[in-house]
Protein chains: 2
Amino acid sequence: MSKLEEVADALKLLGDRNRLTIVALLQVKELCVCEIVDILKTSQPNISQHMRKLRDGGLVKESRRGQWVYYSLCLEDKPYILDILKEIPSQAALIVPAVCEANDCCT
Amino acid sequence: MSKLEEVADALKLLGDRNRLTIVALLQVKELCVCEIVDILKTSQPNISQHMRKLRDGGLVKESRRGQWVYYSLCLEDKPYILDILKEIPSQAALIVPAVCEANDCCT
DNA sequence: TAGTAATATAATTATTTGCTTATTTATAGT
DNA sequence: ACTATAAATAAGCAAATAATTATATTACTA
């Protein structure tokens, strides 16, 4: 696959409102699936499938800890994506620990 | 529309192999439709429709000169897109003036 | 080890998208 | 005015995509 195609594929991943929000959220801190579901107000399988696409595209990595799967950004080799994220206002305010306090998942 | 949605829409536009190539080509120089058709080896209506999307998304501007419509980049207010384009190898080699010499469109 | 919670996968559906073919509009040249 | 060329638009279609619902997997806990 050419470099251009690689970039196009990454941009296609980010060209979705939900996925771009997820990546922006992960810039604040790593999150578990349940918290992303809670923030984006959509179904758990929907988020699960978005996370798989982001993982297959090499944009995030996962780490299972107990019951929970935590996702974090993986953009060391993709500085242009960080430049894109700089353009987006911080999504930090969306992260409220309600679910996590109930679940004891994210500290 | 939120800033995030604006960025997502722009990235969706660029997340297509043909459109990303077109934008990369326009970084080299403005081009008329017939030359883009020739370079990308696809149909004229296909390119026309891609150009309309890029124009509606504010990424390119057009200028008609005689029979020909020339497109050029319009990215002053979108520096993050220039950062993306830096990631892509120059597509200059794709531009060969065969069609334009026959048509007298691009100098 | 039975039950529960978190996540993933499968199957399905509805929408969107990229492309094709056919037609129309716009401009130039005779 | 008539013809030719460039580009845009319209209509139709197949493939891709985002979402939903249902089910399976994994891990903790009592």
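About the criteria used
- Residues numbered from 1 in each chain as written.
- Chains lettered and ligands numbered in written order.
- Predicted model: local features only at pLDDT ≥ 70, side-chain atom pairs only at ≥ 80, totals over all residues.
- Heavy atoms only, no water.
- Core = buried A, V, L, I, M, F, W, Y, C linked by side-chain atoms within 4.5 Å.
- Buried < 20%, exposed > 50% of the residue type's maximum accessible area, 1.4 Å probe, protein only.
- Contact = heavy atoms within 4.5 Å.
- Helix = DSSP H or I, 4+ residues; strand = E, 2+ residues; numbered from the N terminus.
- Pairing = 2+ DSSP bridges.
- Near = heavy atom within 4 Å.
- Polar contact = N/O pair within 3.5 Å; in protein donor to acceptor, adjacent residues only side chain to side chain.
- Nonpolar A, V, L, I, M, F, W, Y, C, P; charged D, E, K, R; others polar.
- Axes fitted to C-alpha atoms, helices over the stretch in contact; angles between N-to-C directions.

Enquirer: Please clarify how the nonpolar core should be interpreted in this entry.
Expert: Most often, soluble globular proteins keep nonpolar side chains buried together rather than apart. A:Leu11, A:Leu20, A:Met51, B:Leu11, B:Leu20 and B:Met51 are the most contacted members of the largest nonpolar core, which totals 66 residues. Not counting residues within four places of it along the chain, the set of residues in contact with A:Leu11 comprises A:Tyr80, A:Ile84, B:Leu11, B:Leu14, B:Gly15, B:Leu20 and B:Ile84.

Enquirer: Help me understand the pairing of strand β3 (residues 68-73) of chain B in this model?
Expert: Regular strands place side chains that alternate from one sheet face to the opposite one. Residue and element names in this part refer to chain B. Most of β3 is tucked away, with five of its six residues classed as buried. As defined by bridge partners, strand β1 (residues 31-32) adjoins β3 across two bridges and the pair is classed as antiparallel. Across the sheet, Cys-32 pairs through a bridge with Tyr-70, a residue of β3. Of the strand pairs in this sheet, strand β2 (residues 60-65) and β3 are connected by six bridges, and their pairing is antiparallel. In the strand pairing of β3, Glu-62 is matched with Tyr-71.

Enquirer: Sorry if this is basic, but what is going on with the protein's contact with DNA strand C here?
Expert: Lining the immediate surroundings of DNA strand C are 27 residues, of which A:Gln44, A:Ser48, A:Tyr71, B:His50 and B:Lys53 lie closest. Near-protein atoms of DNA strand C (within 4 Å) split between backbone and bases, with sugar and phosphate holding 66%. At 3.3 Å, a backbone N or O of A:Val69 approaches a phosphate oxygen of DNA strand C. Between DNA strand C and the protein, one listed contact pairs a phosphate oxygen with a side-chain N or O atom of B:Asn18 at 2.9 Å. Of all elements in the fold, only α3 (33-40), α4 (44-56) and β3 (68-73) of chain A together with α2 (17-28) and α4 (44-56) of chain B reach the threshold of two or more residues within the surface near DNA strand C. Tallied by class, the residues present in the surface near DNA strand C amount to eight nonpolar, 13 polar and six charged.

Enquirer: Got a minute to help me understand the sheet that holds β3(A) in this structure?
Expert: Sheets are built from strands paired through backbone hydrogen bonds, the pairs being either parallel or antiparallel. Residue and element names in this part refer to chain A. Across the sheet, three strands lie side by side as β1-β3-β2; this open sheet has antiparallel pairing. One side of each edge strand has no neighbouring strand; the edge strands of this open sheet are β1 (31-32) and β2 (60-65). Of the strands in this sheet, β2 and β3 touch α4, which is tilted by about 120° from β2.

Any link to function would need more than the numbers given here.
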